[in-house]
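Fold and contact review
Listed below, chain by chain, are the residues.
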Amino acid sequence: MHAKYNLYTDLIEKHLVLEDIDPVVFYGVGNVHLQMIRSLYPKLRIVARDNVIRVLGDEEQMAIFEEAIEKLRKHVLRFNSLSDEDILDIVKGKRVKDDMPDGVLVYSMSGRAIKPRSENQQRLIEAYEKNDMVFAVGPAGTGKTYLSIALAVKALKEKTAKKIILSRPAVEAGEKLGFLPGDMKDKIDPYLQPLYDALEDMLPQVKLQDMMEKHVIQIAPLAFMRGRTLSDAVVILDEAQNTTPAQIRMFLTRMGWNTKMIITGDMTQIDLPHSQKSGLIEALHILNNVEGIGVVNLTGKDIVRHKLVTRIVNAYEAFDKEVNSEKVKS
């Protein structure tokens with residue numbers, strides 16, 4: 001929160017900057033929250049534009065107003081929502097929710113609590129807290145990537161990490177990147193879109209764009225990790241089943257000081273050529289008993305998407321078992 005002082009006889013003007021939050025959430029649809037705030041401070045002249053609130057008034061009223069605005073800003077930063085009741089409680093000095101309810105990591109842009117919704121998802125959170133490196137393995141829809149990004153966003157908000165670094169192997173499905181239209185960003189963005197989607201659900205669009213421009217949040221294909229040392233960060237490697245042994249070894253050894261790594265993968269969706277061994281399978285075998293590394297296996301019971309996803313996953317698992325059984329017999 002920044003303030004700018006100008007003297008007008010006995011009045012003071014300040015410019016209060018709403019940092020790190022979405023002004024639309026703060027002001028409310030149709031500026032309803034802003035109108036309520038104005039009604040609560042009738043002696044002040046309040047004008048808002050984008051993320052800056054310009055206020056003119058006497059010093060005593062200004063100090064009270066500035067303190068309330070900062071509390072409201074912190075509330076929006078934490079919960080990504082604001083109600084009329086929240087405004088009244090904060091302005092009147094009543095006790096409001098100031099801590100995350102048990103289990104909640106962060107809040108989505110719609111104000112929905114993001115938290116583990118199954119035993120194995122809870123194990124993922126606990127493994128992250130106890131270890132510097134965690135492998136989260138399970139089928140589609142188990143929330144492994146989404147929860148991992150929520151943990152990273154939480155670390156960034158709480159300033160326990162300075163950066164979020166997200167990566168995926170760009171496995172080419174039938175087409176070579178070099179023959180696709182567009183520049184390099186156009187070519188690799190489709191591989192990384194699921195990571196963008198999760199971030200956009202947890203951070204204001206303007207703030208996310210700013211963080212990416214300042215490299216506070218970095219999203220890049222796995223090949224871009226070579227030669228780097230990743231420190232003071234939460235680093236996530238998604239779709240790790242599609243790494244080669246050499247690629248995942250390169251990635252895991254990028255770990256620097258004060259860094260946490262989360263590696264996610266789905267053994268049922270390996271897109272590598274049949275002759276190529278998955279680096280994730282090899283890494284899990286080699287690192288199975290290494291201290292400081294946690295492994296969490298999620299199953300169909302942890303799927304949090306549409307109920308049909310669970311049925312589809314179960315049907316394919318049954319089919320795979322039948323095929324493998326026939327191969328053994330033959």
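An account of the accompanying structure is given in this report. Just so we're clear, the structure is a prediction, and the values are computed from it rather than from any experiment. (Residues numbered from 1 in each chain as written. Predicted model: local features only at pLDDT ≥ 70, side-chain atom pairs only at ≥ 80, totals over all residues. Heavy atoms only, no water.)

1. Considering the packing of helix α5 (residues 119-130) against helix α6 (residues 144-157)
Definition in use: Throughout, an axis means a line fitted to C-alpha atoms (over the contacting stretch in the case of helices), and angles, computed between N-to-C directions, take values from 0 to 180 degrees. Only DSSP runs of H or I reaching four residues or more are called helices, and only runs of E reaching two or more are called strands; each is numbered from the N terminus. Geometric relationships in this document are graded by angle, where less than 35 degrees denotes roughly parallel, more than 145 denotes roughly antiparallel, 65 to 115 denotes roughly perpendicular, and other angles denote oblique. Put simply, a crossing is left-handed when the front helix is turned counterclockwise from the back one by less than a right angle, and right-handed when it is turned clockwise. Pairs of residues are marked as contacts when any of their non-hydrogen atoms sit within 4.5 Å. Each residue is assigned to one of three groups, with Ala, Val, Leu, Ile, Met, Phe, Trp, Tyr, Cys and Pro labelled nonpolar, Asp, Glu, Lys and Arg labelled charged, and all others, Gly among them, labelled polar.
Running from amino to carboxyl end, α5 crosses α6 at an angle of 40°, the nearest separation of the two axes being 11 Å. In terms of orientation, α5 and α6 fall into the oblique class. Where α5 crosses over α6, the handedness of that crossing is right-handed. Of the residues in α6, those touching α5 at Q121, L124, I125 and Y128 are K144, L147, S148, L151 and A155. Classifying every residue of the contact of α5 with α6 by side-chain character gives 6 nonpolar, 2 polar and 1 charged.

2. Description of the sheet that holds strand β12 (residues 293-297)
As a reminder, the rule being used: At least two bridges found by DSSP between two strands are what make those strands a pair.
Taken in spatial order, the 6 strands make up an open sheet running β9-β8-β10-β11-β7-β12, and their pairing is parallel. Edge strands, defined here as strands with exactly one partner in the open sheet, are β9 (217-221) and β12. Averaged over all pairs of adjacent strands, the angle between strand axes in this sheet comes to 15°, irrespective of strand direction. Along the sheet face, α6 touches β7 (133-137), β8 (163-168), β9, β10 (233-237) and β11 (260-265) and points at about 165° away from the line of β11. Contacts from helix α9 (residues 245-252) reach β7, β10 and β11, with the element oriented near 155° to β11.

3. A look at the pairing of β7
Cut-off, in case you're wondering: Only protein chains enter the area calculation, which uses a 1.4 Å probe; residues under 20% of their type maximum are buried, those over 50% are exposed, and those in between are partly exposed.
Burial runs high along β7: 5 of the 5 residues are buried. Residues M133, F135 and V137 of β7 are buried on one face, and the alternating residues V134 and A136, pointing to the opposite face, are buried as well. In the sheet, β7 pairs with β11 via 5 bridges, with the strands oriented parallel. Residue pairing across strands places F135 opposite I263, the latter belonging to β11. Relative to β12, β7 is paired through 5 bridges, and the arrangement is parallel.

4. Observations concerning the pattern of salt bridges
Counted only if it meets this: Should a side-chain nitrogen of Lys or Arg be within 4 Å of a carboxyl oxygen of Asp or Glu, the pair is scored as a salt bridge.
Under the definition given, this model contains 14 salt bridges. Ionic pairing is found between E13 and R54, a salt bridge with its closest N-O pair at 3.5 Å. On the criterion of sequence distance, the pair formed by E13 in strand β2 (residues 11-17) and R54 in strand β4 (residues 52-57) is long-range, its members being 41 residues apart. When the shortest N-O distance is used, the salt bridge between D210 and K207 registers 3.9 Å. Placement of both D210 and K207 in helix α8 (residues 205-213) is noted, with a separation of 3 residues, approximately one turn of the helix. Accessibility expressed as a relative area gives 22% for D210, which makes it partly exposed. Taken together, the shared-partner salt bridges in this structure form one network comprising D20, K207, D210 and K214.

5. Focus: the packing of α9 against helix α10 (residues 279-286)
The geometry of α9 relative to α10 is characterised by a closest axis approach of 7 Å and an angle of 55° between their N-to-C directions. As summarised for this structure, α9 and α10 are arranged oblique, according to the angle between their axes. As α9 packs across α10, the resulting crossing turns out to be right-handed. Mapping the contact onto sequence places P245, I248 and L252 in α9 and G279, L280, E282 and A283 in α10. In the contact of α9 with α10, the residues fall into 5 nonpolar, 1 polar and 1 charged.

Function-wise, these values are silent; they only describe arrangement.
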